[in-house]
Amino acid sequence: MKATLRARLVPSTTVTYPFPETRIPAGFPSPAEDYAATEIDLNSELIRDEAATYILRVTGNSMIDAGISDGDEIIVDRSLTPTPGNVVVAAVDGEFTVKRFSIDQQGQGWLLPENPAYPPLPIESGADFTIFGVVTRCLHHVH
Amino acid sequence: MSAPALSLVFHVDINTYYVSCERILDPSLRDQPVVILSNNDGCIIALDSRAKRLGFSMGDPWHRVADAAAARGVAVRSSNYELYGNISQRVMSVLKEFAADFEQYSIDEAFLTIPATPEKAKKLARKIKDDLARRVGVPVCVGVARTKTLAKLANKTAKKIPVLRGVCVWDLLPPQRRESLFATLPASEVWGVGGRSTRKLAALGIVSIGDLARADLTLIRKRFSVVLMRTVLELRGVPALPLEEQRAFKDQLIFSRSFSTPISDETQMRQVLSLYAQKASARLVKAGQVAGIVAAFCSTSLFSEGTQSHPSVQVKLPQATADPVALTRAGHQLLTRADFGVAQYVRAGFLLSGLEQDGAAQVLEPFELAHEKRQVSTLLASIQEKCGQGTIGLGYAGLAEQPAWNMKRQMLSLRGTTHWKELVQVKL
């Protein structure tokens, strides 16, 4: 009796899956039901500005000490203004690269790798250089 | 001297939409001429100004210009509808932040209505443009005026006059500039003035936009239509376009595609129609609409030497629905009219009309379709949304393997904003 009543209260717009009817055991409803409201939503936790966020996949080892490894996915937020110290995705000569953005005391801009095996790259004045966005998260593959 | 706030219309559209989308995630295209090809890589459907200057145009058949494009360093891409759709959504969601009164007019343009003085509107328009460039990464132009028709014209002006840097507030243009634009631009440049009316107008001596703006309202309504009369009012700065009129063209939904290889047998055509019916159904569900009339058609190539055949069928449904089963069944009536074994079909599609909002019509219980009661279409749509198109479908459309006639997209860029496996790779 209770089961039929419930079914009819469901608004007609919801999707009903064609599962066989199950019997609802008699007794008090579980007190946990009141708390089963939402789930953790990674999109809302990891992405600040959806319209401005792009996800890219990295290859190579030059940023290993910043915790970014070959095959990881990075979350890039274009709405943030890049400041020295940020890890950024930059477009240099028509190609994307990921490096730490830095400006030294002489005012020279640099793209710094995070791996001693790679050399720092000076940002030449007049070079084909733009910053695509600031890297906010790295999804590292652990397992 | 603070001018009073006006209710101003902002018209925003993305510059060279497809090309701009391709450039976001591919910096190598930034300073290169780019052309985008139609479904099946048939012809050029979009190109940037650099490619235009090299002599390429919209509609050029690709097989004829491919060598020339390669020789001149023109980059080529197949249409990446997943990417373009995603970028459009991003742009629209940013625009919604600026105004509650928002109307998406097409995939790459929208109208916002915002109360502001012209000076304030100019700053706001600049901010809209800068926000979209910085956050989404696309260039847009913004036209601002007292009416939609003038806002569209202001947008065109913003595109044509470089010193405006992509933003044109009609009321802030010097009066002599507005007059000279009205005097020099042909009436056909006005939104909603088609080729047929242009010729008829010219016969009455109405050639420029200025001529049209000064035309006698009664004459226009008598000789043309109340719609064109409203356009004249709008050109004079009087808002006159109600929403329904502009949305009238949305009273039908078309889903049609051409195939990469021609179809000449019934089984394959049955597959195609099943799949297209379900795609059309998914669109209806998304728009919250139901259709009362289903037309299905297929056709041979106009350029082929062989048998020409263009059968079509129209079915009036007993009850307006978005149900894919009903649409598929109606579409399959086309099969009896086609010349299988003789004709080589290259295209098929559905045209749904008699559209109304779902739930607008009361359904008499005995006429309700059994599978509709179980909400098959909503269920399919939600699974397809979650797991991707082609993961589930009715009958032949549920086949996991891509059938041979599926679209050819050989120069497709990565679908990097919608497909996890196709994320754009960055070298560290």
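Owing to the predicted nature of the structure, the values given are computational and were not obtained by experimental measurement.

Section: the packing of helix α13 (residues 266-287) of chain B against helix α14 (residues 324-331) of chain B
All names here are of chain B.
Here is step 1: Taken N-terminus to C-terminus, the directions of α13 and α14 make an angle of 140 degrees; their axes are 8 Å apart at the nearest point. Comparing their axes, α14 and α13 come out oblique. Note that α13 runs across α14; the crossing there is right-handed. Contacts between α13 and α14 involve Leu-273, Ser-274, Ala-277, Gln-278, Ala-280 and Ser-281 from the former and Pro-324, Leu-327, Thr-328 and Gly-331 from the latter.
Here is step 2: Across the contact of α13 with α14, the residue classes tally to five nonpolar, five polar and no charged.

Section: the environment of Asp77(A)
Residue and element names in this part refer to chain A.
Here is step 1: Checked against the element boundaries, Asp-77 lands in strand β2 (residues 73-77).
Here is step 2: Overall, the presence of 18 C-beta atoms within 10 Å leaves Asp-77 in the partly exposed class.
Here is step 3: Those residues in contact with Asp-77 that sit more than four places away from it in its chain are Arg-48, Asp-49, Ala-52, Thr-53, Gly-133, Val-134 and Thr-136.

Some thoughts on the domain arrangement of chain B
Residues and elements named next belong to chain B.
Here is step 1: On domain assignment, one finds that chain B holds domain 1 (6-14 + 98-235), domain 2 (17-83) and domain 3 (252-397).
Here is step 2: The interface of domain 1 with domain 2 comprises five residues on the first partner and four residues on the second.
Here is step 3: Partitioned by chemical class, the residues of the side of domain 1 that touches domain 2 number three nonpolar, one polar and one charged.

A few points about the sheet that holds strand β3 (residues 44-47) of chain B
The strands that make up a sheet pair up through hydrogen bonds in the backbone, lying either parallel or antiparallel.
All names here are of chain B.
Here is step 1: Pairing is mixed in the open sheet, where three strands are placed in the order β3-β2-β4. Lying at the two open borders of the sheet, with one neighbouring strand each, are β3 and β4 (75-78). Taking the axes of each pair of neighbouring strands and ignoring which way they run, one obtains an average angle of 30 degrees across the sheet.
Here is step 2: Looking at chain direction, strand β2 (residues 34-37) and β4 are connected through four bridges and run parallel. Pairing of Val-34 across the sheet is with Ala-75, part of β4.
Here is step 3: Those strands touched by helix α1 (residues 17-24) are β2, β3 and β4, and its axis lies near 110 degrees from that of β2.

Re the sheet that holds strand β7 (residues 140-145) of chain B
Residues and elements named next belong to chain B.
Here is step 1: Pairing is mixed across the open sheet formed by five strands, whose spatial order is β5-β6-β1-β7-β8. At either margin of the open sheet sits one strand with a lone partner, and together these are β5 (102-106) and β8 (167-169). When the angles between neighbouring strand axes are averaged without regard to direction, this sheet yields 20 degrees.
Here is step 2: Pairing of strand β1 (residues 6-14) with β7 involves six bridges; the strand directions are antiparallel. Bridge pairing links Val-9 to Ala-145 in β7.
Here is step 3: Lying on the sheet, helix α5 (residues 118-136) is in contact with β1, β6 (109-116), β7 and β8; it crosses β8 at an angle near 160 degrees.
Here is step 4: Packed on one face of the sheet, helix α6 (residues 148-160) meets β1, β6, β7 and β8 and runs near 140 degrees to β7.

Definitions and cut-offs
- Residues numbered from 1 in each chain as written.
- Chains lettered and ligands numbered in written order.
- Predicted model: local features only at pLDDT ≥ 70, side-chain atom pairs only at ≥ 80, totals over all residues.
- Axes fitted to C-alpha atoms, helices over the stretch in contact; angles between N-to-C directions.
- Helix = DSSP H or I, 4+ residues; strand = E, 2+ residues; numbered from the N terminus.
- Parallel < 35°, antiparallel > 145°, perpendicular 65-115°, else oblique.
- Left-handed = near helix turned anticlockwise from the far one by under 90°.
- Contact = placed C-beta atoms within 7 Å.
- Nonpolar A, V, L, I, M, F, W, Y, C, P; charged D, E, K, R; others polar.
- Buried ≥ 20, exposed ≤ 12 C-beta atoms within 10 Å, placed from the backbone.
- Domains from an automatic or database assignment.
- Pairing = 2+ DSSP bridges.

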